[in-house]
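# Architecture and fold: a report
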Amino acid sequence: MLSRLQELLFPSVAAVAVVAVRADGETIRIEARCTPIGAACPDCGQWTERVHSSYLRFPADLPTAGQRAELVLRVRRFLCATTACGRRTFVEQVAGLTRRHGRVTERLRQAMGAIGLALAGRAGARLAQLLGIITSRTTLLRRVMDLPDPTTAEPPAVGVDDFALRRGHVYGTVVINAESHQVLDLLPERDAAALAPWLTAHPDIEVICRDRSGAYAEAAATAAPQALQVADRFHLWQNLTTAVEKTVAAHRSCLRELPPAAPEPEPEWETPVEATSTPDDQNEDPTGRFAERARAHHALVHELLAQGMGIRHIARHLGWGRHTVQRYARVARWQDMVKGRKRQLPSKLDPFKPYLAQRWAETDGKVTVLDLYREITTRGFPDHYSTVRDWARRGLPRLEVFTPAPPPPSVRQVTGWLTRHPATLTEEEKLHRKAVLDHCPELASAAELTSSFAEMLTTLGGTRLPDWITEAADADLPGISSFAVGLHSDFDAVTVGLTTGWNSGPVEGAVNRIKMLKRQMFGRASFSLLRKRVLLA
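For the structure given in this document, a descriptive report is provided here. Since the structure is predicted, the reported quantities are computational estimates derived from the model, not experimental observations.

## Focus on the packing of aromatic side chains
Two aromatic rings are characterised by how far apart their centres lie and by the angle between their planes. Considering all chains together, one arrives at eight aromatic pairs under this definition. Summarising the aromatic geometry, the rings of Phe453 and Phe483 are spaced 5.8 Å apart at their centres and angled 75 degrees between planes, so their arrangement reads as edge-to-face. In this pair, Phe453 sits in helix α19 (residues 441–459) while Phe483 sits in helix α21 (residues 480–486), placing the two residues 30 residues apart along the sequence. The same class applies to Phe453 as to Phe483, namely buried.

In structure tokens form, the structure reads like this:
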């Protein structure tokens, strides 16, 4: 029975024998002893079997069956037989189970380190409590810091980029293996002084993928002259987009002078006229809000009747009363619903209506209804303002509303039309883009240069880069010409970036993962702890 327990509890530890297992409340106590007859001195390495004494150790272990486990391990203190050795006695250790001054077993230490790597302090402590591991967030972080750095083979190609420790203030550098996408190291600065020593320590690097940063280019040229530098295509396109925006901003006057787009004519809808209707009948049709409402309700009710619905069903469907639906259903023409209504009663405003219409016509509708009300009040109008307001809405002719011309496109909009893929533009954006390019030849030239550079970038046609630089420099466009001239300072790296498949995409993914880990560690995100988690998690 004990041998079976030993296989279950210590499957990879052969130097321990289980003596007994006892349940003490909520804790399971596992009594064990060390089985080797001797041990080697940790200083001189001399084997000895001379036992000085023994005592019990109580390291905490992984929970068992949901209960806390405590190991009661009897260990021996040995005497070193070498007289020249400075150590007189030493305590035996069980490889894979205990360490000197350790209060937890190695497997519990590894479990806490794994939890700390995955969830950091607070979240890791909450998960550990659910698993039955008694620990604190600070202990979990210490376990993470105790883990050794991973050992990796010398990478033939690396990717370098910066990341924000404190955005806008403090930045660091991340170095990854460009082939396996594994993070190799995190550096606390993003200058050449931080990257150059790291590159010097790895002399077998053949390719360095980087952005357009001059600090990384200087470090690579100084510490790794044998490496092939690659300017990332994404950053090249990002730089070109900034240059195009400067070009558009320099010609924003062209955008303000764009001819207004002619509105599309409204389609002429033909209303079929029933054969039974006559001009006299049309002239006799009632008008007003009630007439329009009766026309719509009559058409709706008869449409539902034609679909086979009953009176009660229509009333429930429309939320009307049954008798209301019946009145609309019994008449064949909607005019019959209005025919029997009383004629409009005389109003106190009738004597003043000619004056109001005349004043409205004289001012071309620029006078307000409140001013009209005040004028007729002085002439003896005895009613309220609401009477004048309601009549003005119905009786006064409506003026044509002035529609201002649409605002010119912004610099950012035009930059997007020039730098985005044509397939992603809507039909309206394509029309606006064509209008801008037809009106401004400088922006048309910028669009051609942008398209040719995009073709080089997507087809890896870097051999055409010298011709493009010459053409862009001769175009004398603010922004784009400066960008083209600036490529000479990094010509080799740009050419390699436009002709080979190396890029900094994996580095950007690593930076995104660093951001996630920083959010998890908010408040405790020191650089050393962040580096451990990035390298090991």
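Structure's up, so let's keep going.
## Re the environment of Ile176
Mapping Ile176 onto the fold places it in strand β10 (residues 170–177). Residue Ile176 is classed as buried on the basis of its relative accessible area of 0%. As for Ile176 and Val158, which are separated by 18 residues in sequence, their C-alpha atoms are 5.5 Å apart. The contacts of Ile176, once residues within four sequence positions are left out, are Ala157, Val158, Gly159, His181, Gln182, Val183, Leu184, Pro506, Val507 and Ala510.

## Quick word on the sheet that holds strand β11 (residues 183–187)
Spatially, β11-β10-β9-β12-β13 is the arrangement adopted by the five strands of the open sheet, whose pairing is mixed. At either end of the open sheet lies a strand with only one pairing partner, and these are β11 and β13 (228–231). The sheet shows a mean angle of 25 degrees between the axes of neighbouring strands, direction not considered. Of the strand pairs in this sheet, strand β9 (residues 157–166) and β10 are connected by eight bridges, and their pairing is antiparallel. Within β10, the position partnered with Val160 by the bridge is Val175. Helix α23 (residues 505–520) rests against β9, β10 and β11 of the sheet, and its axis sits at about 30 degrees to β9.

## Some remarks on the pattern of salt bridges
What the rule picks out here adds up to 24 salt bridges. Ionic pairing is found between Arg359 and Glu362, a salt bridge with its closest N-O pair at 3.6 Å. Remark: Glu362 and Arg359 occur in helix α14 (residues 353–362); sequence separation between them is three residues, near one turn of the helix.

## Considering the state of the cysteines
Among covalent bonds in proteins, the disulfide is the one between the sulfur atoms of two cysteines. Counted under the stated rule, the structure contains zero disulfides. Here Cys44 is not cross-linked by a disulfide; its sulfur's nearest cysteine counterpart is in Cys80, at 3.6 Å.

## Comments concerning the nonpolar core
Side chains of a nonpolar character, in soluble globular proteins, are inclined to be buried together. Grouped together as the largest cluster of nonpolar side chains are 36 residues, with contacts concentrated most on Phe453, Trp468 and Leu487. Looking at this core, the elements that each hand over two or more residues are α7 (233–250), α8 (252–256), α17 (411–419), α18 (427–439), α19, α20 (465–474), α21 and α22 (491–497). Sorting elements by how many residues they give to this core places α19 first, with eight residues. Once you skip the residues sitting within four places of it in the chain, Phe453 turns out to touch Leu236, Trp237, Leu240, Leu465, Trp468, Phe483, Leu487 and Leu498.

## Some points on the environment of Arg210
Within the secondary structure layout, Arg210 lies in strand β12 (residues 207–210). For Arg210 and Gly159, which are 51 residues apart along the polypeptide, the C-alpha to C-alpha distance reads 6.0 Å. Look past the residues within four positions of Arg210 in its chain and what remains in contact with it is Val160, Tyr216, Ala217, Gln229, Val230, Ala231, Asp232, Asp490, Ala493 and Ser504.

## Digging into the pairing of β11
The element β11 is largely enclosed, with a buried count of five among its five residues. Taken together, the four bridges between β10 and β11 define a ladder with antiparallel strand orientation. Each bridged residue has a counterpart across the sheet, and for Thr173 the counterpart in β11 is Leu187. Counted between consecutive antiparallel strands, the loop separating β10 from β11 contains five residues, among which His181 sits at a positive phi close to 65 degrees.

## Side note on helix α5 (residues 192–200)
For α5, every residue scored as buried is listed here: Ala192, Ala194, Leu195, Ala196, Trp198 and Leu199. Contacts made by the buried residues of α5 are with β9, β10, β11, β12 and α6 (214–223).

About the cut-offs
Residues numbered from 1 in each chain as written. Predicted model: local features only at pLDDT ≥ 70, side-chain atom pairs only at ≥ 80, totals over all residues. Heavy atoms only, no water. Phe/Tyr/Trp six-rings, centres within 6.5 Å; stacked < 30°, edge-to-face > 60°. Helix = DSSP H or I, 4+ residues; strand = E, 2+ residues; numbered from the N terminus. Buried < 20%, exposed > 50% of the residue type's maximum accessible area, 1.4 Å probe, protein only. Contact = heavy atoms within 4.5 Å. Pairing = 2+ DSSP bridges. Axes fitted to C-alpha atoms, helices over the stretch in contact; angles between N-to-C directions. Salt bridge = Lys/Arg side-chain N within 4 Å of Asp/Glu carboxyl O. Disulfide = S-S within 2.5 Å. Core = buried A, V, L, I, M, F, W, Y, C linked by side-chain atoms within 4.5 Å.

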